[in-house]
Amino acid sequence: MLKETANNMSYPEQLEALLGQAVYELPQAEKEQQLGSLLLALHRHHQLQCNEYSQLYPQPLKATENMAGLPYLAVRLFKLLDLKSVADDEVLKCLSSSGTTGQIPARIYLDAVTSRWQSKTLVKILQQFLGKQRLPMLIIDCQASHMSGAALNARSAGIQGLAMFGRNHTYALNADMSPNWAAIDAFCAQHQHEKVLIFGFTFMVWQYFVKALQQQGRSINLPQGHLFHSGGWKKLQSESVDNATFKQGVEASTGIQQVTNFYGMAEQVGTVFMECSHGYLHAPATADVIMRNCFDLSEQPTGEQGLIQVLSALPFSYPGFSLLTEDLGTVHGVDDCECGRKGKYFTVQGRLPKVELRGCSDTAAAAV
Amino acid sequence: MNQSTGIQYQLSAAKTPQDVSNASLLGVGSDVVIAFLQALSARLLKSPQMKPYPDIIALGFWLRDAQVNQWLNQLRPHNANVLIKPVGCVVHYTPNNVDSMFMYSWICALLAGNNNIVRLGSGQSEAKRLLLTTVEALFAEPAFHAVAERNMLLYFDKTSPLNAELAALADARMLWGGDESVQRIREFAAKPRCRDISFADRYSATVIDPGAESESAQLEKAAALLWQDSKAHHQLACSSPRVIFWLGDDDSLRQFAALLNSQAEQQDSAPERLVGQSRANEHLITAQLLQMQGKADAPLCNKRVCLLPVHTLNDALLAQHNGDGLFYVKSINNLAALQNELPAKVQTLTYWGVEQGALLKLLADPSIQGVDRCVSIGKALTFAPDWDGYRLFTDLTRYVHLD
């Protein structure tokens, strides 16, 4: 049974305790209790502090054995409503993200505490892959000053999150998304024999970097480079580029052998799900996933594809600790990935297909 | 495609819309039109390739002789000093979402003796293709030449100059497609005496009284019939019920929600199931949004269908309704409570377990502006020439009185 005040600890104390754990060594059964009771405390907090949330959940929660019994919000609600659980004057920044261009962006309100926990958590997770030393960093994007609108907020926030792991930050693209050869060549010449960090959004890395190199018949050589990328496969799926093709393409054009995809979203910054050497995404101690049946939203068993519900210990200033995303994924196992990490491991298959249903109001535009 | 007019599809023995409008009129219920409709009905009902399409079978059945004779009787003058004549050229803008709707709109005007220009919707479907192929074959028969040269089915680009031309030719316009489409088409100036029959944004509801001792067999029947009214066209036809008024207690409502859900699950075909992948999430979003805004309570069910108890029905709430198995539920204590729940936007009210007399008494109240059709549950989608408050046979004919 999940209990809200395990060990009589407050939320920050519980979170601190969870962050004190090794990132990938908490077995699922223990995580269900530790993370679960923390999420229960967050549920209570948002019930008390967020009016909309309390309208949705006016009653105390029924007792639940595990995290699958916790409530969840449809992630699109953050595009439709301004949801926050702190006073207006405590809001440090509003993160906005539009999944796809042309859509209304989600609005995520962060206070100083939540923002600090996010950075701290991200650092802990990425250090597992990067070590503690800052590395020379090549960013497959243009400088934030060249971005505009929603791209500025969403993309630059992602870059900023990773930038703290790098030094000598070099932007590989010009404002028009063409490769900045001078910058790339200078970076490679200087750091060819060192460990370097490369980061970019999956689609941009492929479209504007790997393909640009291919098309111009050029290649670079960063054999000690480690590429981290995130942001979804939707656009690449239409070109039939899967994870394996992506990795091959990257290595052929850049010599980069270490390529790590991760799954994360603006609605839960900090708790990213990193890909292991066996190609599976892993939940850190501070987060988890549950796959839900698309047709009735019940929990899917291991091996069955479903809608991805993401749970995170961090969202305190906004009620986003348990979100039903519009992504499809599959949990492949629990505690037994060959890479040695504990907890659930999974893959993401893409977005829930959008189905446009037409109403009567459509003889259309017949007459425009 | 014709570059200047944007016409991408044209089916007629006439060369141009102008020719259709210039052709002599056949008169109300002419022999050739009746024969044409009989032949059409026979082909729709007898050809095995039509079998998989319930819309087509329903249309074939709708055109059965007894039904057509009844309409002819309605059309015929009931007084020796009266003549009923067609209005002339009817231009139809037909909707995208219901494959066969263009046929119903056209047939009503055709039976009344009018010449017709029917603009098809942009939607593509096998049922629509089969219907057009059948009409094409009939148009090619010499016996139906008189129909073929007076009627034109076409699809043209939305920006075509033809819009203005058709407006100038029309003696009556059948404008389907809801508020926005109707307003846009009306921007093209028509003749001063042109009659516009406009189908605006409407929604429909059902009122169910489960009875004192709600027997599950009876409730199950009501659920099956409600689903029959709701499943076609993803519940987006104007006459599909989106609101349930419940005249029973909470227990019977819960029971009904479960029955409706299992009916819906049983009837899903494999392709419908695939389309349904995003449905529960869409319904979850609507339900959570309305709950967060204090407009609804927790859904009674969110699986194949979602039954969401709402506090106050209004336009904003109905604008959130995306169809595909979502029902707003309002519990009421008695029929009189409906008095304030039937605004002008309500088109069809279906009923179960409620006395006709009581309904008639309720709907007679002048303060109720909505409800243009009140039919028993299960018949919401059955098209009739009396529709949406219009009497099409009257609106598409001229009444000539000799004194």
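Chain B has the name Long-chain-fatty-acyl-CoA reductase in an unreviewed UniProt entry, where Alteromonas lipolytica is given as its organism.

Enquirer: I tried to follow the overall build of chain B on my own but got confused; where do I start?
Expert: Each helix and strand counted, chain B has 16 helices and 17 strands in total. Once the C-alpha set of chain B is aligned to its principal axes, its extents read approximately 65 × 55 × 40 Å. The buried share among the 403 residues of chain B stands at 46%. Counting only contacts in chain B whose residues sit at least 6 apart along the sequence, the fraction spanning at least 24 positions is 74%.

Enquirer: Please explain the sheet that holds strand β14 (residues 373–376) of chain B as it appears in this structure.
Expert: In sheet architecture, strand pairing relies on hydrogen bonds along the backbone and comes in two forms, parallel and antiparallel. Residues and elements named next belong to chain B. Spatial ordering of the open sheet is given by β10-β11-β12-β9-β8-β13-β14, a layout of seven strands whose pairing is mixed. Each of the sheet's edge strands pairs with one partner strand only, and the pair in question is β10 (301–302) and β14. Here four bridges tie strand β11 (residues 306–309) to strand β12 (residues 326–331), and the two strands are oriented parallel to one another. Within β12, the residue paired with L307 across the bridge is F327. Its contacts with the sheet put helix α10 (residues 216–231) on β8 (203–208), β9 (241–246) and β13 (346–352), and the angle it makes with β9 is roughly 155°.

Enquirer: Hey, could you run me through the environment of W233 of chain A in this one?
Expert: All names here are of chain A. Within the secondary structure, W233 is located in the loop between β7 (225–230) and α9 (234–237). A residue is classified by how many C-beta atoms lie within 10 Å of it, and W233, with 21 of them, is buried. Sequence-wise, W233 and A29 are 204 residues apart; in three dimensions their C-alpha atoms are separated by 32 Å. Those residues in contact with W233 that lie beyond four places of it in its chain are T202 and G350.

Enquirer: Is there a simple way to explain the pairing of strand β6 (residues 196–201) of chain A in this structure?
Expert: One face of the sheet, then the other: side chains in a regular strand alternate in exactly this way. Residues and elements named next belong to chain A. The buried count for β6 comes to five of six residues, which makes it a mostly enclosed element. Where strand β4 (residues 135–139) lies against β6, three bridges are found, and the strand directions are parallel. Residue pairing in the sheet places I139 in a bridge with F199 of β6. With helix α8 (residues 202–215) bridging β6 and the parallel β7, this β-α-β connection has right-handed handedness.

About the cut-offs
- Residues numbered from 1 in each chain as written.
- Chains lettered and ligands numbered in written order.
- Predicted model: local features only at pLDDT ≥ 70, side-chain atom pairs only at ≥ 80, totals over all residues.
- Helix = DSSP H or I, 4+ residues; strand = E, 2+ residues; numbered from the N terminus.
- Buried ≥ 20, exposed ≤ 12 C-beta atoms within 10 Å, placed from the backbone.
- Contact = placed C-beta atoms within 7 Å.
- Pairing = 2+ DSSP bridges.
- Axes fitted to C-alpha atoms, helices over the stretch in contact; angles between N-to-C directions.
- Right-handed = clockwise from strand over helix to strand, strands pointing away.

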